[in-house]
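Structure assessment
Chain by chain, the residues:
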Amino acid sequence: MPQRLRRSVLACPGSNPRMMEKAAASAADEVFLDLEDACAPLEKPGARAKIVEALTTHDWGAKTRVVRINQVGSRFAYLDLLEVIRGAGAVLDCIMVPKVQNAGDVAFVDRALTQLEQEFELEPGRIGIEVQIEDAQGLMNCDGIAFASRRIETLTYGPADFSASMQLPSLTVANGSPDYPGDPFHYVLFRLAVAARAAGIQVIDGPYLAIRDIEGYTLAARRAATLGYDGKWVLHPSQIDACNAAFTPTQEMFERAVAVLEAYRHATEVERKGAVMLGDEMIDEASRKMATQFYLRGRAAGLEPRQTAAAS
Ligand code: GLV
Ligand code: MG
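Residues numbered from 1 in each chain as written. Chains lettered and ligands numbered in written order. Predicted model: local features only at pLDDT ≥ 70, side-chain atom pairs only at ≥ 80, totals over all residues. Heavy atoms only, no water.

Quick notes on the overall build of the protein
The helix and strand inventory of the protein stands at 12 helices and 10 strands. Taking 2.2 N^0.38 as the reference for a compact globule, 312 residues should give roughly 20 Å; the C-alpha atoms of the protein span a radius of gyration of 21 Å, in line with that estimate. Of all 312 residues assigned to the protein, the portion counted as buried reaches 48%. In the protein, the share of contacts with a sequence separation of at least 24, taken over all contacts with a separation of at least 6, comes to 72%. In the structure as shown, the protein presents an accessible area of about 15,400 Å², 55% of it carried by carbon and sulfur atoms. (Helix = DSSP H or I, 4+ residues; strand = E, 2+ residues; numbered from the N terminus. Rg over C-alpha atoms; globule rule 2.2 N^0.38 Å. Buried < 20%, exposed > 50% of the residue type's maximum accessible area, 1.4 Å probe, protein only. Contact = heavy atoms within 4.5 Å. Areas by Shrake-Rupley, 256 points an atom, 1.4 Å probe, with all protein chains shown as cover.)

Structure follows, in structure tokens:
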């Protein structure tokens, strides 16, 4: 299955019907309805039915529809899965699993989904899994986790829980610290990107908590995009435009990718050369690969080449 467009991933509390209605009408590429940390413990059992109602009644357009269940070690996870799949298994795309610590956590969800798909006569294996890595154990085991199930579609970084797990002296998720040279999260972000790419899945950055600070959000989103991330969470619709822009190639870069593909095609097929100059740069087969992924990302986001050339 082709990978889904997941530039902006909107978080929405599953206990709040009004917010779910607004989320359905938003411009986010994905919405996840939350039964975990944005849902008060006393509201969790009731939120399951509210989520089913929202998924089965609103028009979600082309959005990827996801439900975040509670951690597999909690008393809620099994009933979250049962009620959500029973009521909305035919219309949701993925289950998001928070605080995954090892491949066994994923195996539990994978097998439960397989049983529920059989019980409720749903298409086998259609429902995907989004895995959140948000503590030290999860990060240590992320390689095995990324390969733990064919259902996995993303590794998603959870910076707030991760900061707590690592006992970082911070009360928010900020863009670095004046007390530390470089980006304190660089290692985590790139580590997860490597595991995800090795497994052929997407990699998503988590939330930026200061929702009015669009400048700070943009910086964080561009940072993740520079590491090849596919997208980032948005906690409020006001962050969506900045997010989508950060994870969409500029028209200029997209045109450059098209030009590389065309020049390389001409070089190899007409001139029978493996390396040629394009402007000031030497391009070869590796350039074609870089340009192809760039081109595909732009096309998925709706960009059109102005020139006639296109990737084949
Ligand atoms: C998200 O779940 C986070 O903990 O940052
Ligand atoms: Mg979390």
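With respect to the coordination of the magnesium ion (ligand 2)
Within the protein, the atoms that donate to the magnesium ion (ligand 2) are Glu134 (OE) and Asp161 (OD), at distances of 2.1 to 2.2 Å. Placement of the pair is Glu134 in the loop between strand E5 (128-133) and helix H5 (136-140) and Asp161 in helix H7 (residues 159-165), with a sequence separation of 27 residues. You can call Asp161 partly exposed: its relative accessible area is 23%. (Donors = N, O, S within 2.8 Å, 3.2 Å for Na, K, Ca; no water.)

Regarding the pattern of salt bridges
A full pass over the atoms with the stated rule returns 31 salt bridges. Glu130 is the partner of Arg6 in a salt bridge, and the nearest nitrogen-oxygen pair spans 2.9 Å. Placement of the pair is Arg6 in the segment before strand E1 (8-13) and Glu130 in strand E5, with a sequence separation of 124 residues. The pair formed by Arg6 and Glu130 is uniform in burial state, with each residue classed as buried. It is possible to trace a salt-bridge network through shared partners that takes in Arg4, Arg6, Glu30, Asp93, Arg126, Glu130 and Glu153. (Salt bridge = Lys/Arg side-chain N within 4 Å of Asp/Glu carboxyl O.)

Here we look at the site of ligand 1
Surrounding ligand 1, one finds Arg68, Gln132, Glu134, Gly158, Pro159, Ala160, Asp161, Pro207 and Trp233. The side chain of Gln132 places a nitrogen or oxygen atom 2.9 Å from an oxygen atom of ligand 1. Relative to its unbound accessible surface of 190 Å², ligand 1 loses 94% to contact with the protein. Broken down by element, the shell around ligand 1 gets its largest block of residues, 3 residues, from H7. (Near = heavy atom within 4 Å. Polar contact = N/O pair within 3.5 Å; in protein donor to acceptor, adjacent residues only side chain to side chain.)

Thoughts on unusual backbone geometry
Of note, the phi angle at Lys99 is positive, near 50°, even though the residue is not glycine. Relative to the helices and strands, Lys99 is located in the loop between strand E4 (94-97) and helix H4 (103-119). Positive phi, normally seen in glycine, also occurs at Arg272, with a value near 60°. Structurally, Arg272 is set in the loop between helix H11 (251-270) and strand E9 (276-278).

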